[in-house]
Amino acid sequence: MADPRRAVLDDLTARMARFDRDGTQSAVLDAAAHRAALALYADAVADRTTGAEVLQVLGQWFLRHHYALPTGMGAASLRTARLCAGLARDLAPDALPPDLRALLAGESDPAQATHATAVVLLGQFEETGDPSRVAAASRLLRSLTDDLPADHPLRSGLSEAALQLSSAMLAMKADPADAEALVRSARAALRVVPDSTDTVNALAWALLVRHQLSGAHEDLVEALELTQRHLRDEKGTLVPHIAAQRAEALRMRFEGTRETVELDQAVALAREATATAPSGHPVADAARQVLATCLIRRVEHLDRADDLAEALALCAVIRPSLAKAGPGRAHWLATEAALLTRRAQRSSDPSDVDGAVALAEESLRLSQGLDGVRPVALTNLGSALALRYLLRGDRDDITAALLRIREALAATRPEDTRSALLHAQLTTLTALAAEDGVRGAGVDDAIRHGESALARLEPGRAQRVSALNALAQAHRQRYLSVGAESDLVKAISLWRAAAEQPAGDAGERMAAARAWLGSALRLRDLPTAVEAATAAIRLLPVLAERGLDRAAQERRLAGVAGLAGEAAALAVQVGRPEHAVELAEQGRTVLWRQAVQTRGDLSALRGVAPDLADRLDGTRRALVASANDPADAERHRRLAERWSALLAEARSLPGFGTFLGARPFSELRHAAAGGTVVLVNVGVGRCDALLVRPDGVTVVPLPWLRASDTRRRADALFGAAGNPVDLRQTLVSMLRWLWDTAAAPVLAALDSLDGPVRHRVWWCPTGPLAVLPLHAAGRYATSTPAGKRRPTVPDRTLSSYTTDLGALIRSRRAREAGRSRLLAVGVPERAGRAPLPAVVDELKRIAATVPGTRTLLGPAATPATVLSELPGHPWVHFACHATQNLDHPGDSALHLHDGDLSVLRLAAHDLGDAELAYLSACHTAGGSVRLADETVHLAAALQLAGFRHVIATQWPVSDPTAASAADSVYRHLTVNGELHSSNAAHALAATTAELRERYPDQPDTWAPFVHIGP
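Residues numbered from 1 in each chain as written. Predicted model: local features only at pLDDT ≥ 70, side-chain atom pairs only at ≥ 80, totals over all residues. Heavy atoms only, no water.

**What to know about the sheet that holds strand E11 (residues 899-902)**
Two pairing modes exist for strands in a sheet, parallel and antiparallel, and in both the strands are linked by backbone hydrogen bonds. Strand order in this open sheet of three strands is E9-E10-E11, and the pairing throughout is antiparallel. The two strands at the open ends of the sheet, each matched to only one other strand, are strand E9 (881-883) and E11. Between one strand axis and the next, the sheet turns through 30° on average, direction left out of account. With three bridges joining them, E9 and strand E10 (residues 893-896) adopt antiparallel strand pairing. Residue pairing across strands places His881 opposite His895, the latter belonging to E10. (Pairing = 2+ DSSP bridges. Helix = DSSP H or I, 4+ residues; strand = E, 2+ residues; numbered from the N terminus. Axes fitted to C-alpha atoms, helices over the stretch in contact; angles between N-to-C directions.)

Here you go:
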């Protein structure tokens, strides 16, 4: 059987021969070969029976590796070569090769030998974790320090050895005194060799270690300044190990500020360091570990799938390069366990959490006697066990998690920056265990630990939010156990503080606001509940911050679905209907309003601060351009941070306090000019219709409308959409239910306000009701006595929809008059989809009705061509297939020739004076139940793009019906060959009336069409 060690030695020997023969540097810079050499070296220093031949080959390999690396980059390889040469000389002095003999020239005196032995011992500790090696090295170096003459040339080398010894002592004891010694040794080494980037890097690292153990902020500041000064050499080239150290410092600063831009900078620097470090160099491995750590932290902060994938890919490279034991391996395995725990949180995959537990347990085993690593292993093991408890409910896991976190806390000094977070974590776990009746889990202990956590975190620290939440949860748990209302009142005050602290994780702040809301309701304190709901609504833009990718924004908003309805319902309950309208407005269409904000009018600001207006304008253009480019995510986040800073600067000016901000009711009421906006609010506790009119709000209670029923009906509609028979039966029942529970009370109230006229209304439903056909509600099979009005919405209203009141206000703005240039786009055939033979005739009839129509049919109707034509055509008609993506509604799309136009792609355009978009396609105004309050569909995207009016469909429509409806609408819109968009609602109403007359028992045929706009 082949000897794997012999295979490695033969490969290294062959590579060295190529290097010696023709100078092929890649032969000795090969990363895989160097990792194999390092692994063999680890075995050699751990196994004292290793033969001289192995040590000789390794010594020669590391010496050539040193030669092949750029100047200043090979110190570690040279040191390892010298160590191997010394060991080989001890075993077989006469057989030592000439190059290794020359390397050791001058090291024959006892001091040199003692120093070399101490360094070897410290290297063995790094590979094995054996503390006896450190003790022996310490004795040797102490004797050298005491006995060596002041002018001995080895004096300068003692600083580096002392630094290595301090590092080992820290790994073993995590004693702040050792951190002090580490900093002193690093400063001494820098004085001896002031121009060495190795000594600069060592001092920066020492400062970061002392910062972590003591919390001294000045150490972090000095490390950042030091690494910034030495980040590039005199030629401007990045110094990889300095860059990696700076990345670590930036990550540490992020922990206190939660400024995403700092974490992005850390990732970018670590990536550059990884790419710049020579292949096979230890710096490359160190940079990869820093990069993976920064990515893990960004996964926790931004929940980006691409960061998670990149971190996992790095793990696959890093783990094989680690020693088989020692502090480095122990620490990295704990880090990797944290990554798998995070993936398990996303996936709820038991295998991920089992893998995390296994890695953390191995890390814990390897960290015996390593007090600098052991608390990290214990913490990450406790976190993995706690997650496994939440996934499986096994009490043994929560009991074990508590034990491990208690051990971690006991092993962590009070002044350590991690101490407060451990107290907070113990608070959460203890309260969780007490709730489940775990023996020994006292809630009083949880409160004590929570108070300790808060005492260690000064106000304003981002981590304080976690501590406040944990302590509040413990007080709530004691309230549930004991019944003392004072505990719940205390919990409310803590959650309020957490929600209102500007620095802190957005998800944790939102959780605090919702817990504050739930507890206030439990106490039946409705005014406080409204305060909490208002705070939660105001956090929505922070939760879905611009810097997140679209998928993460949607996930976060889906997690708080229904919040707007609950908040508005509470405001109604306490007699504040105008505030209810404001909350419903601010709590919905969060993502669309972010886009609208960046398109806001800057003219007023330009008159006061033209330079600031220009900077805002330039930033928003760049922000929009980078919005949907995954490759530009970090730049997009930087631009988002800049936009927020500039906006804050603008709002600090007199008279601009609400600039581009949420509209108050005094402005929102103007959306109802010429009619009534019917905001149908769906909450768990109550449902109401808020009749918004220019003179105020009328509340119409809807006692028979329930949130659970609206969700069930919405699911039924989507489930039936693929089957015409099921769809028809579902709609017949649904339209009657909508009439009884919502429309009839609304129309009765409107009759009492305006008399029995045909009311002009704009429906603005919330929650799952947003995907249901309120415009078609009615009892159609009911006979109507003579002289009585028919009990249907189409007969008693002229109905339109609006995604929110702000959108309706924007659509009312005066536009420049011009000719009605129509772009008609038709795709009768698309690969993989059923043909649409009526499309050709549909476009011909439209062109005949509207002179001058520009037609793009079939192969001419590509996405690029359509987008290039849109700015010159205020009217556009699409006749094609469309699909609705319920899981990712931003990916819903119109299917054109050779490509798609998605919701996000359409919404990215600002078309200014566009008039009307007609979507003669299926599912273009349906949206997603998961994100119902965001109204993410094609019709809304076109409205955001600038079209005042949009005609679309809520479910599939047959090809002939779609063509017939389009022909009718354009005939009603056209007067003397000119299109008039102001007739859009009337034109669609007349068309659906014609269809209804023709197909009275088929609401699936006449009811899918909706109008959005004024």
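Here the narrative resumes, following the displayed structure.
**What about unusual backbone geometry?**
Positive phi outside glycine occurs at Ser348, with the angle close to 55°. Within the secondary structure, Ser348 is located in the loop between helix H17 (327-347) and helix H18 (350-366). One non-glycine residue, His923, lies in positive phi territory at about 60°. Tracing the backbone through its elements, the reader meets His923 in the loop between strand E12 (916-920) and helix H42 (938-945). Accessibility expressed as a relative area gives 18% for His923, which makes it buried. (Buried < 20%, exposed > 50% of the residue type's maximum accessible area, 1.4 Å probe, protein only.)

**Focus on the packing of aromatic side chains**
Within this structure, the stated rule accounts for three aromatic pairs. Note on Tyr41 and Phe62: the rings are 5.9 Å apart at their centroids and 75° apart in plane angle, and the pair reads as edge-to-face. With a gap of 21 residues between them, Tyr41 in helix H3 (residues 31-46) and Phe62 in helix H4 (residues 52-68) connect regions that are remote in the sequence. Phe62 carries the same exposure label as Tyr41, and that label is buried. Ring plane angle 65° and centroid distance 5.2 Å describe the contact between Tyr780 and Trp1006, whose orientation is recorded as edge-to-face. Pair noted here: Tyr780 is in the loop between strand E4 (759-763) and helix H37 (793-796) and Trp1006 is in helix H45 (residues 1003-1006), with a separation of 226 residues, a long-range link. Trp1006 gets classed as buried once you look at its relative accessible area, which sits at 3%. Stacked on the ring of Trp1006, the Lys or Arg Arg996 has its end atom at 5.7 Å from the ring centre. (Phe/Tyr/Trp six-rings, centres within 6.5 Å; stacked < 30°, edge-to-face > 60°. Lys NZ or Arg CZ within 6 Å of the ring centre and 35° of its normal.)

**Considering the state of the cysteines**
Overall, the coordinates contain zero disulfides when judged by the stated rule. Take Cys294: it sits in no disulfide, and the sulfur closest to it among the cysteines is that of Cys315, at 13 Å. The thiol of Cys687 is not disulfide-bonded; the next cysteine sulfur, from Cys764, is found 15 Å away. (Disulfide = S-S within 2.5 Å.)

**As for the packing of helix H19 (residues 374-392) against helix H21 (residues 419-435)**
Remark: H19 packs on H21, axes separated minimally by 12 Å, with the N-to-C direction vectors making an angle of 25°. Here H21 runs roughly parallel to H19, going by the angle between their axes. Considering how the two elements wind past one another, H19 and H21 form a crossing that is left-handed. Residue-level inspection shows Thr379, Ser383, Ala386, Tyr389 and Leu390 of H19 in contact with H21, the latter providing Leu422, Gln425, Leu429 and Leu432. For the contact of H19 with H21, the residue count by class is six nonpolar, three polar and no charged. (Parallel < 35°, antiparallel > 145°, perpendicular 65-115°, else oblique. Left-handed = near helix turned anticlockwise from the far one by under 90°. Contact = heavy atoms within 4.5 Å. Nonpolar A, V, L, I, M, F, W, Y, C, P; charged D, E, K, R; others polar.)

**Some points on the nonpolar core**
Membership of the largest hydrophobic core comes to 99 residues, with the highest contact counts inside it found for Phe878 and Leu894. Apart from residues no more than four positions distant in its own chain, Phe878 is found in contact with Val825, Val866, Leu894, Leu896, Leu901, Tyr918, Leu919, Ser920 and Ala921. In this structure, Ala499, Ala512, Leu517 and Ala567 belong to the second largest nonpolar core, which totals 69 residues. (Core = buried A, V, L, I, M, F, W, Y, C linked by side-chain atoms within 4.5 Å.)

**A word on the pairing of strand E8 (residues 875-879)**
Counting buried positions along E8 yields five of five residues, so the element is predominantly enclosed. In E8, alternate side chains face the same way, and those of Trp875, His877 and Ala879 on one face and Val876 and Phe878 on the other are all buried. As judged from the five bridges shared by strand E6 (residues 822-826) and E8, these two strands associate in the parallel manner. Within the sheet, the bridge partner assigned to Val825 lies in E8 and is Phe878. Alignment of E8 against E12, held across five bridges, turns out to be parallel. Considered in E12, the bridge of Trp875 is made with Leu916.

**Describing the side chain of Asp352**
Looking at the secondary structure, you find Asp352 in helix H18. When its relative accessible area of 7% is taken as the criterion, Asp352 is described as buried. Excluding its chain neighbours within four sequence positions, the residues that come into contact with Asp352 are Leu340, Arg343, Ala344 and Ser347.

**So, the environment of Arg35**
Assignment of secondary structure puts Arg35 in helix H3. Each C-alpha atom of the pair Arg35 and Ser321 lies 5.6 Å from the other, and the pair is 286 residues apart in sequence. Discounting chain neighbours no more than four positions away, the residues touching Arg35 are Val317 and Ser321.

**A few points about the pattern of salt bridges**
Here the structure, examined in full by the defined rule, presents 53 salt bridges. Here Arg392 ties to Asp354 by a salt bridge, and the two come within 2.9 Å at their closest N and O atoms. Taken as a pair, Arg392 in helix H19 and Asp354 in helix H18 lie far apart in primary sequence, 38 residues in all. Judged by its relative accessible area of 28%, Asp354 falls in the partly exposed class. A network of salt bridges, in which partner residues are shared, links Glu248, Arg251, Glu255, Arg297 and Glu300. (Salt bridge = Lys/Arg side-chain N within 4 Å of Asp/Glu carboxyl O.)

**Some words on the side chain of Arg760**
Structurally, Arg760 is set in strand E4. Lacking a salt bridge, the buried Arg760 has Asp754 as its closest oppositely charged neighbour, with an N-O distance of 12 Å. Within the structure, Arg760 has its side chain in polar contact with the side chain of Ser800 (distance 3.0 Å). From its side chain, Arg760 meets the backbone oxygen of Pro1014 in a polar contact 3.4 Å long. For Arg760, the contacting residues outside a window of four places in its chain are Gly674, Gly675, Thr676, Leu798, Ser799, Ser800, Ala985, His1011, Gly1013 and Pro1014. (Lys, Arg positive; Asp, Glu negative; His and termini not counted. Polar contact = N/O pair within 3.5 Å; in protein donor to acceptor, adjacent residues only side chain to side chain.)

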